[in-house]
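Residue-level structure breakdown
So you can see what is in the structure, the chains are spelled out below.
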Amino acid sequence: MEPATAQAPAPPAIPAPGDLDLLCINAIRILAMDAVQKADSGHPGTPMALAPIAYLLYTRHLRHDPADPAWPNRDRFVLSCGHASMLLYSSLYLSGYDLSLDDIKNFRQWGSKTPGHPEYGHTPGVETTTGPLGQGIGNAVGMALAETHLAAIFNRPDYEVIDHRTYFICSDGDLMEGVSHESASFAGHFKLGKLIGFYDDNHITIDGSTDLTFTDDTQRRFEAYGWHVLRVPDVNDLVALDAAIRAAQAETERPSLIMCRTHIGYGSPHKVDSAKAHGEALGVAEVALSRKELRWPWTEAFFVPPEAIAHWRLARDAGRDVHASWQMRYAAYQQAHTQTAAELDRRLRGVLRPDWDADIPVFTPENGNVASRAASGIVLNAIAARVPELIGGSADLTPSNNTSLAGILNYNPGDRAGRYLHFGIREHGMGAILNGMSVHGGLIPFGGTFLIFSDYMRPPIRLAALMRRRRRTSVERACGALR
Ligand SMILES: Cc1ncc(C[n+]2csc(CCOP(=O)(O)OP(=O)(O)O)c2C)c(N)n1
Ligand SMILES: [Mg+2]
């Protein structure tokens, strides 16, 4: 890690072949360009550029179990720039999730498991639905917040059953979108130290160079939010990248952003560093040239040599072990803290307590008119004690929205068990954060604002509805994971 130079460095030379890491990284690049070529649709360049990050994460850093994507204490990973979905699909396939090579070949086909943007509840290992840029950052903030809250409620000395990190990757577009400002500011304020983001600093968007529109000083912007910012001048420098990830993990007070200088279309001789590598197939001839440039000797589409697959699949073995040791810890926790464990179990299964609605009053015409927000406040308070997984607040309209919950403390870095959230005047961020909390599991989040300002939250509201429909599958998987 060195300070980035103002001048963009030239694409680094492709290192010599024979290196297993490089073979594994190039496997992502090959699958991404082949899948997009076959579908004649999609985004090859960004997965090709980001392959080293996904490789290091999936094989060395993520605590995940490809055999059980719903394991509750897994690290979360969000690809906020969902257009780069082939990065995620190929990493999931290579590390041994329930995604086959045929699924990869069916990229962007109707009904396939690899629809072209990550879809929650549809593809094993996909944590949230991304595509509308910026949302994934907010989702990741919500997941990180959920982890801190559940850990505060359920962990006991010597029994840290909730203890995971949340990672995300974001692009220029993610950072330009306003929702990223709201979510990042919130994460900095609430000191979500187990949140680690990667910024794909490739100087390219669809219209061309970021010089056209985007000259923010991202490092200082995030530092101003209270984040810990690191720079990796060349994403292909695995040693520097790995060191940055470790430094981010070691920082527990502040969220971390690792700014990685990357080159869209890395490996493609004519499309590297060009917007042309963004949203269209490279072309048959360019795919062949890229194989040469990457020193990939196999010409057959979608072929990945067995040694690369075997190396990737070590992630599955490591994941099995890390999951098994958690299960042992969890079993001991169930013995030592039976009731608390049963409560956590209930919450993760998404089952309400049987008496959850016992205190909800009946509103009748005879009892007179009640303003809808007053009724909402009465009902929230009627269920708050019986639905301890209820957590939320308002975008700075607590007294008007009647969202305050009697006897319930604020969530803050000094008391993460608090269940009331002051979102600040950040409606869009609030929506994205709530979605992240919801898909994390174990919580029922809510947020308040005036109806008219919900216009500021339309994208997360649409995504919430989509993800709600898919929730059942996900909860069922989580139940399986607890067994
Ligand atoms: C809210 C939203 N607006 C527009 C788009 C369409 N879109 C997809 S990618 C992209 C920008 C691409 O630039 P960048 O985010 O830097 O990604 P890169 O091309 O570098 O992978 C746009 C405008 C979108 N996905 N979401
Ligand atoms: Mg970009």
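For clarity, every value in this text was computed on a predicted model and none was experimentally measured.

Focus: the overall build of the chain
Helix and strand counts for the chain stand at 16 helices and 10 strands. Computed over its C-alpha atoms, the radius of gyration of the chain comes to 23 Å, within 12% of the 23 Å expected for a compact globule of 483 residues. Taken across its 483 residues, the chain has 56% of its residues classed as buried. Contacts in the chain between residues far apart in sequence, at least 24 positions, make up 76% of those at least 6 positions apart. Carbon together with sulfur atoms contributes 53% to the accessible area of the chain, which is approximately 19700 Å² in total. Averaging the positions of the 46 positive and the 53 negative side-chain charges in the chain gives two centres separated by 4 Å.

Re helix α7 (residues 178-189)
Residue pairs spaced three or four apart in an α-helix point in one direction, given the helix's 3.6 residues per turn. For α7, spanning 12 residues, the distance from its first C-alpha to its last is 17 Å, which sits close to the expected 16 Å at 1.5 Å a residue. By the criterion of burial, α7 is predominantly enclosed, with 9 of the 12 residues buried. Looking only at α7, the buried set comprises Val179, Ser180, Glu182, Ser183, Ala184, Ser185, Phe186, Ala187 and Gly188. On its buried side, α7 packs onto α5 (135-154), α6 (172-176), β3 (195-201), α8 (218-225), β9 (420-422) and α15 (427-440). Remark: Lys191 follows α7 within two positions and exhibits a positive phi of approximately 50°.

A look at the sheet that holds β9
The 3 strands are arranged β9-β8-β10 in an open sheet whose pairing can be described as parallel. Lying at the two open borders of the sheet, with one neighbouring strand each, are β9 and β10 (444-448). Within the sheet, the average angular offset between the axes of one strand and its neighbour, ignoring direction, is 20°. Bridging between strand β8 (residues 390-394) and β9 involves 3 bridges; their strand directions are parallel. Residue pairing for β9: Ser394 is matched across the bridge by His422.

Concerning a nonpolar patch on the surface
On the surface, a nonpolar cluster with roughly 240 Å² of combined accessible area is contributed by Phe363, Val370 and Ile378. Within the secondary structure, Ile378 sits in helix α13 (residues 372-384). Among the residues examined, Ile378 registers a relative accessible area of 38% and is labelled partly exposed.

Section: the site of ligand 1
What surrounds ligand 1 is a group of 15 residues, the closest being Thr46, Ser171, Gly173, Asn202 and His278. Taking His83, its side chain carries an N or O atom lying 2.8 Å from an oxygen atom of ligand 1. Surface burial for ligand 1 is 72%, taken as the share of its 580 Å² of free accessible area covered by protein chains. Breaking the shell around ligand 1 down by element, the ones donating at least two residues are α6 and β4 (204-205). When grouped by side-chain class, the residues that make up the shell around ligand 1 number 5 nonpolar, 8 polar and 2 charged.

Overview of the packing of helix α2 (residues 45-61) against helix α11 (residues 306-336)
Close contact between α2 and α11 brings their axes to 8 Å; oriented N to C, the two are set at 45°. Compared by their axis directions, α2 and α11 come out oblique. Contact residues: α2 offers Ala54, Tyr55, Tyr58 and Thr59, while α11 offers His311, Trp312 and Ala315. In the contact of α2 with α11, the residues fall into 5 nonpolar, 2 polar and no charged.

Regarding the pairing of β8
Among the 5 residues of β8, 5 are classified as buried, and the element is accordingly described as predominantly covered. Burial along β8 is two-sided: the face carrying Leu390, Gly392 and Ser394 and the face carrying Ile391 and Gly393 are both buried. Judged from the 5 bridges that link them, β8 and β10 form a sheet pairing that is parallel. Its bridge partner lying in β10, Gly392 is registered against Phe446.

Notes on the confidence of the model for the chain
Caution applies to low-pLDDT regions: their predicted coordinates should not be interpreted in detail. Considering every residue of the chain, the mean pLDDT works out to 94; 94% of them sit at 70 or more. Per-residue pLDDT stays below 50 along residues 1-9; that stretch engages in 14 contacts with residues further than four places along the chain or on separate chains. pLDDT under 50 marks residues 11-18. Its contacts with residues more than four places away, or in other chains, come to 18 contacts.

Some details on the sheet that holds strand β7 (residues 256-261)
With parallel pairing, 5 strands are arranged side by side in an open sheet as β1-β2-β3-β7-β6. Bordering the open sheet on either side are β1 (76-79) and β6 (228-232), each of which pairs with just one other strand. Taking each pair of neighbouring strands and ignoring which way they run, the sheet shows an average axis angle of 15°. Where β1 lies against strand β2 (residues 166-170), 4 bridges are found, and the strand directions are parallel. Bridge assignment links Leu79 to a residue of β2, and that residue is Ile169. Strands in contact with α5 are β1, β2 and β3; relative to β2, the strand with the most contacts, it is inclined by about 170°.

As for the packing of aromatic side chains
On inspection of all chains with the given rule, the structure shows 16 aromatic pairs. Following the ring pairs from residue to residue traces out a cluster consisting of Trp71, Tyr159, Trp326, Tyr330 and Tyr333. Of note, Arg313 hangs over the ring of Tyr93, and the distance from its end group to the ring centre comes to 5.4 Å.

Comments concerning the pattern of salt bridges
In this structure the tally under the stated criterion is 23 salt bridges. Close ionic contact of Arg246 with Asp242 constitutes a salt bridge, the shortest N to O distance being 2.7 Å. One end of the pair is Arg246 and the other is Asp242, both in helix α9 (residues 238-250) and 4 residues apart, which spans about a single turn. Look at Arg246 and you get partly exposed, because its relative accessible area is 45%. The salt bridge involving Arg386 is made with Asp355; its shortest N-O contact spans 2.6 Å. Within this pair, whereas Arg386 is found in the loop between α13 and β8, its partner Asp355 is found in the loop between α12 (338-349) and α13, the two being separated by 31 residues in sequence. Salt bridges sharing common partners tie together Glu343, Arg346, Arg347, Arg353 and Glu389.

Here's the deal with unusual backbone geometry
Despite not being glycine, Asp158 shows a phi value in the positive range, around 70°. Looking at the secondary structure, you find Asp158 in the loop between α5 and β2. Residue Asp158 is classed as exposed on the basis of its relative accessible area of 73%.

Parameters and conventions
- Residues numbered from 1 in each chain as written.
- Chains lettered and ligands numbered in written order.
- Predicted model: local features only at pLDDT ≥ 70, side-chain atom pairs only at ≥ 80, totals over all residues.
- Heavy atoms only, no water.
- Helix = DSSP H or I, 4+ residues; strand = E, 2+ residues; numbered from the N terminus.
- Rg over C-alpha atoms; globule rule 2.2 N^0.38 Å.
- Buried < 20%, exposed > 50% of the residue type's maximum accessible area, 1.4 Å probe, protein only.
- Contact = heavy atoms within 4.5 Å.
- Areas by Shrake-Rupley, 256 points an atom, 1.4 Å probe, with all protein chains shown as cover.
- Lys, Arg positive; Asp, Glu negative; His and termini not counted.
- Charge placed at Lys NZ, Arg CZ, Asp CG, Glu CD.
- Expected span 1.5 Å × (residues − 1).
- Pairing = 2+ DSSP bridges.
- Axes fitted to C-alpha atoms, helices over the stretch in contact; angles between N-to-C directions.
- Patch = residues over 30% accessible without salt bridge, like charges linked within 9 Å, V, L, I, M, F, W, Y side chains within 5 Å.
- Salt bridge = Lys/Arg side-chain N within 4 Å of Asp/Glu carboxyl O.
- Near = heavy atom within 4 Å.
- Polar contact = N/O pair within 3.5 Å; in protein donor to acceptor, adjacent residues only side chain to side chain.
- Nonpolar A, V, L, I, M, F, W, Y, C, P; charged D, E, K, R; others polar.
- Parallel < 35°, antiparallel > 145°, perpendicular 65-115°, else oblique.
- pLDDT = per-residue confidence, 0-100.
- Phe/Tyr/Trp six-rings, centres within 6.5 Å; stacked < 30°, edge-to-face > 60°.
- Lys NZ or Arg CZ within 6 Å of the ring centre and 35° of its normal.

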